[in-house]
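Chains, contacts and geometry: an overview
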Amino acid sequence: MGNYDKPNGNPGGRIKKPPCYTLMRIFKWIPVVFIISIIAWSYYAYLVQLCIYSITNIAEKIIFIILYHIFLALFLFSYWQTIFTNVGTVPLKWRIPGSEIEKLFHAESQEQQKRILENFARDLPVTNRTIHGSVRFCEKCQIIKPDRGHHCSVCGTCVLKMDHHCPWVNNCVNFTNYKFFVLFLGYALLYCLYIALTSLEFFIKFWKNELTEGMGRFHILFLFFVSLMFAISLVSLFGYHIYLVLHNRTTLEAFRPPIFRSGGPDKNGYNLGKRANFQEVFGDNPRLWFLPIYTR
Ligand SMILES: [Zn+2]
Ligand SMILES: [Zn+2]
C-alpha cells in the first residue's frame, strides 16, 4: 500500500487545493464557454437569418419560432442542471478515523490491512471489493468507498455512482445529475435535428442561388452543416447512455465490471430489469421523466 497522508481534518473528503487552483478552475470552463458560444451563434443564425429574413410565410415563421424556443429551453435547462448540480460526495460516517489510518499505515501485511478495513466497514452497506478481495478505500479522501463510488482526480473527491468526469459540462456525471446528463444529450440531439430538418429547404436554396444575396445566406449554410455534424456525434453517445440506463451500468462499470464480495466481477450486478433500471434514474412519475428536475 502507498503512503497515507496524515488525516487533514477536511470533512468533505476533499484534498488540499494547489496554489494555481483558481487558474485551473477558470481553464476548466473553456469547453462550456465553447458550447455556449455555438448555441448563441445558432440562436442568431436560426432566429434572425432563417426565421425572420428567409421564411416568407407568416404562419410557418411563427410555428418554427415557437417550436425552436421549446427545444432550446429544454436543452438549456438540462445543460444547466448537469453543470450546476453538486456532485454526490461520501457521507462522514464512511470516513476512516486517524487511529485506523495509522493502523493501516503500519500494517505488516496485505492480509492485516484487509482485516482492518473489513472490521471498520462491517456496519457499512458495502458489497464491492478490490481485485484482491479487500474493502475498497480511497487513500486521498481517507474513506471507505461506497459501492459504485470512485475517486475523481479532476473534482478531487470521491463521487457517488460515478459515471465519468465530463469536460463539456465541467462536472462529474454521477448519482446526482445522471438523469440531467442523459436528458441533456437527448435534448441537444433534438435541438440539432430540428435545426437540420427545418433548414434543409434553405440549404438546398443556397446551392440553387435562390437565397437573398449577402452574408446571411452563409449563416444558413453553416447552420445546417454544424447542426448535422453535432446530431451525428450525439446520436451514438445518447444511444450508448440509453443502453447503459437500461442495463443499470455506468460508463466506468462498462469498462471494468464491479467486483462483488460474493460472486466476483459481474457487469450485470445492478441489473433489476429494464423498467426498474429506467425508474432508478428517471423516477416513478412518468409526467416528470423528461423534465430536467430531480425525481428520484
Ligand atoms: Zn477519494
Ligand atoms: Zn469529477
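Residues numbered from 1 in each chain as written. Chains lettered and ligands numbered in written order. Predicted model: local features only at pLDDT ≥ 70, side-chain atom pairs only at ≥ 80, totals over all residues. Heavy atoms only, no water.

Turning our attention to the pattern of salt bridges. In this structure the tally under the stated criterion is six salt bridges. Across the pair K114 and E111 runs a salt bridge, and its minimum N-O distance is 3.8 Å. On the criterion of helical spacing, the pair formed by K114 and E111 is a turn pair, its members being three residues apart in helix α5 (residues 110-120). When its relative accessible area of 23% is taken as the criterion, K114 is described as partly exposed. Looking at E111, the relative accessible area reads 46%, which means it is partly exposed. With a shortest N-O distance of 2.8 Å, R148 and E253 are connected by a salt bridge. Placement of the pair is R148 in the loop between β2 (143-144) and β3 (150-152) and E253 in helix α8 (residues 251-255), with a sequence separation of 105 residues. The exposure class of E253 is buried, given its relative accessible area of 3%. When salt bridges that share partners are traced, they join R148, E253 and E280 into one network. (Salt bridge = Lys/Arg side-chain N within 4 Å of Asp/Glu carboxyl O. Helix = DSSP H or I, 4+ residues; strand = E, 2+ residues; numbered from the N terminus. Buried < 20%, exposed > 50% of the residue type's maximum accessible area, 1.4 Å probe, protein only.)

Now for a nonpolar patch on the surface. On the surface, W29, V33, F77, W80, F84, L291 and I293 cluster together to form a nonpolar patch covering roughly 650 Å² of accessible area. Among the elements that make up the nonpolar patch, the one with the highest residue count is helix α3 (residues 58-84) (three residues). Of note, W80 is situated in helix α3. According to the relative accessible area criterion, W80 is exposed, its value standing at 51%. (Patch = residues over 30% accessible without salt bridge, like charges linked within 9 Å, V, L, I, M, F, W, Y side chains within 5 Å. Areas by Shrake-Rupley, 256 points an atom, 1.4 Å probe, with all protein chains shown as cover.)

The subject of this paragraph is the coordination of the zinc ion (ligand 2). At 2.0 to 2.3 Å from the zinc ion (ligand 2) lie its protein donor atoms, namely C152 (SG), C155 (SG), H165 (ND1) and C172 (SG). With four donor atoms in place around the zinc ion (ligand 2) and angles of 104 to 115° between them, the coordination shape is tetrahedral. The motif formed by the donor residues of the zinc ion (ligand 2), counted along the single chain, is C-x2-C-x9-H-x6-C. Assessed through its relative accessible area of 0%, C172 is described here as buried. (Donors = N, O, S within 2.8 Å, 3.2 Å for Na, K, Ca; no water. Tetrahedral: all angles 85-135°; square planar, octahedral: opposite > 155°, others 65-115°.)

This part covers the coordination of the zinc ion (ligand 1). For the zinc ion (ligand 1), the protein coordination sphere consists of C138 (SG), C141 (SG), H151 (ND1) and C158 (SG), at 2.0 to 2.3 Å. Taken in sequence order, the residues that donate to the zinc ion (ligand 1) follow the motif C-x2-C-x9-H-x6-C. With C141 in the loop between β1 (137-138) and β2 and C158 in strand β4 (residues 157-159), the pair connects residues that are 17 residues apart, well separated along the chain. Summarising the burial analysis for this pair, C141 and C158 share the class buried.

Moving on to unusual backbone geometry. Backbone geometry places R148, a non-glycine residue, at a positive phi of 70°. With phi around 50°, N248 is a residue other than glycine that occupies positive phi space. Relative to the helices and strands, N248 is located in the loop between α7 (216-247) and α8.

Right, let's talk about the packing of aromatic side chains for a bit. In this structure the tally under the stated criterion is 22 aromatic pairs. A connected cluster of aromatic rings, assembled from ring pairs, spans Y43, Y46, Y68, F71, F75, Y79, F181, F184, Y191 and Y194. Sitting over the ring of Y270, R148 keeps its end group 3.9 Å from the ring centre. (Phe/Tyr/Trp six-rings, centres within 6.5 Å; stacked < 30°, edge-to-face > 60°. Lys NZ or Arg CZ within 6 Å of the ring centre and 35° of its normal.)

A distance of 2.8 Å separates the side chain of E253 from the side chain of R148, its partner in a polar contact. Apart from the residues within four sequence positions on either side, E253 is in contact with R148, N248, P258, K267 and Y270. (Polar contact = N/O pair within 3.5 Å; in protein donor to acceptor, adjacent residues only side chain to side chain. Contact = heavy atoms within 4.5 Å.)

With that out of the way, let us pick up the nonpolar core. Of all hydrophobic cores here, the largest spans 48 residues; its most connected members are Y46, Y178 and F282. Breaking this core down by element, the ones donating at least two residues are α2 (30-54), α3, α6 (178-207), α7 and α9 (274-282). Per-element accounting of this core gives the leading share, 17 residues, to α6. With sequence-adjacent residues up to four places away left out, Y46 is seen in contact with C51, F64, Y68, Y194, I195, T198 and L223. L104, A107, L124 and F137 belong to the second largest nonpolar core, which has 18 residues in total. (Core = buried A, V, L, I, M, F, W, Y, C linked by side-chain atoms within 4.5 Å.)

Confidence along the chain averages 90 in pLDDT terms, with 94% of residues attaining 70 or more. Between residues 1-14, whose pLDDT stays under 50, and residues either more than four places distant or in other chains, the model counts 35 contacts. (pLDDT = per-residue confidence, 0-100.)

This brings us to the domain arrangement of the chain. Annotation of the chain at the domain level lists domain 1 (21-86 + 167-288) and domain 2 (92-162). Here the C-alpha centre of domain 2 lies 36 Å away from the C-alpha centre of domain 1. Residue-level contacts link 17 residues of domain 1 with 16 residues of domain 2. Around 1500 Å² of area is buried between domain 1 and domain 2 when both sides are counted, 56% of it from carbon and sulfur atoms. Of all residues in domain 1, the largest losses of buried area upon contact with domain 2 belong to C172, I259 and R261, amounting jointly to 36% of the total for that side. For E280, the salt bridge is made with R148, and the minimal N-O distance between the two is 3.9 Å. Our enumeration of links across domain 1 and domain 2 arrives at eight residue pairs in polar contact (both at pLDDT 80 or more). Secondary-structure elements contributing two or more residues to the side of domain 1 that touches domain 2 are β6 (171-173), α8, β7 (259-260) and α9. (Domains from an automatic or database assignment. Buried area = accessible area lost by both parts, 1.4 Å probe.)

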